[in-house]
Amino acid sequence: MSERERTFVMVKPDAFARGLAGEIISRFEERGLKLVGMKLEVLDREHAEEHYGEHEDKPFFDDLVDFITSGPVVPMVWEGEDATRQVRQMIGATDPAEAAPGTIRGDYALDLGRNVVHAADHEDEGANEREISLFFDDDELVEYDQHDASWLYE
Ligand code: IDP
């Protein structure tokens, strides 16, 4: 069995406003991932700019920060085997027009700037640690036994 990992995921304001938060959370629950952290908050600009710091020189940066601060988001931490890569596969390509049907973006989104969900980049090794600590204190991540683990993992 490969390593159990923690990965950072966030329901974006478009999905929350469209009543899709529950649907998106259910995708990860039903897959068998373990929810260890979750909040509901409206991000301030400073927090949003730090979160998207890698894009600060891009032409879409201001619009992206406007959008992500425009309403409630649901930051979450999900744990599971190979979780970062599995979650990225589940959310689909960044541009919903390229996202396969069956992925979250492929099923619920149409536009690059309104792509319903964020997840840490599995190709960026430090992304999870950086993003989890930007949104959660250690004592906000919950320790518990996943009761169905023996049915999910051999
Ligand atoms: P990701 O969300 O799939 O990790 P990133 O490249 O990190 O994709 O981009 C962050 C977010 O910025 C995307 O989810 C998307 O909403 C937005 N974005 C990325 N590229 C563009 C663009 O070219 N125009 C407008 N928005 C963009």
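Figured I'd write up the structure that's included with this text. The structure displayed is predicted, hence computed values, not measured ones.

A few points about the overall build of the chain
When its secondary structure is counted, the chain shows eight helices and four strands. Secondary structure of the chain in N-to-C order comes out as β-α-α-β-α-α-β-α-α-β-α-α. Here the C-alpha radius of gyration of the chain, 15 Å, is about what a compact globule of 154 residues would show, namely 15 Å. Taking the principal axes of its C-alpha atoms as reference, the chain extends roughly 45 × 35 × 30 Å. Of all 154 residues assigned to the chain, the portion counted as buried reaches 46%. Expressed as a percentage of contacts within the chain between residues at least 6 apart in sequence, the contacts between residues at least 24 apart total 76%.

Remarks on the site of the ligand
In the vicinity of the ligand, the contacting residues are K12, Y52, H55, F60, L64, R88, T94, R105, L112 and N115. Here R88 contributes a side-chain N or O atom positioned 2.9 Å from an oxygen atom of the ligand. Side-chain polar atom of T94 to an oxygen atom of the ligand: 2.5 Å apart, as the coordinates give it. When the free accessible area of the ligand is taken as 520 Å², the share hidden by the protein chains comes to 75%. A molecule is said to occupy a pocket when more than half its atoms come within 2 Å of that pocket's grid points, and by this definition the ligand occupies the largest pocket. Considered class by class, the residues forming the shell around the ligand number four nonpolar, three polar and three charged.

What counts and what doesn't
- Residues numbered from 1 in each chain as written.
- Predicted model: local features only at pLDDT ≥ 70, side-chain atom pairs only at ≥ 80, totals over all residues.
- Heavy atoms only, no water.
- Helix = DSSP H or I, 4+ residues; strand = E, 2+ residues; numbered from the N terminus.
- Rg over C-alpha atoms; globule rule 2.2 N^0.38 Å.
- Buried < 20%, exposed > 50% of the residue type's maximum accessible area, 1.4 Å probe, protein only.
- Contact = heavy atoms within 4.5 Å.
- Near = heavy atom within 4 Å.
- Polar contact = N/O pair within 3.5 Å; in protein donor to acceptor, adjacent residues only side chain to side chain.
- Areas by Shrake-Rupley, 256 points an atom, 1.4 Å probe, with all protein chains shown as cover.
- 1 Å grid on protein atoms, 1.4 Å probe; cavity = no way out; pocket = protein on both sides within 12 Å on 5 of 7 lines; lining within 4 Å.
- Sits in = over half its atoms within 2 Å of the grid points.
- Nonpolar A, V, L, I, M, F, W, Y, C, P; charged D, E, K, R; others polar.

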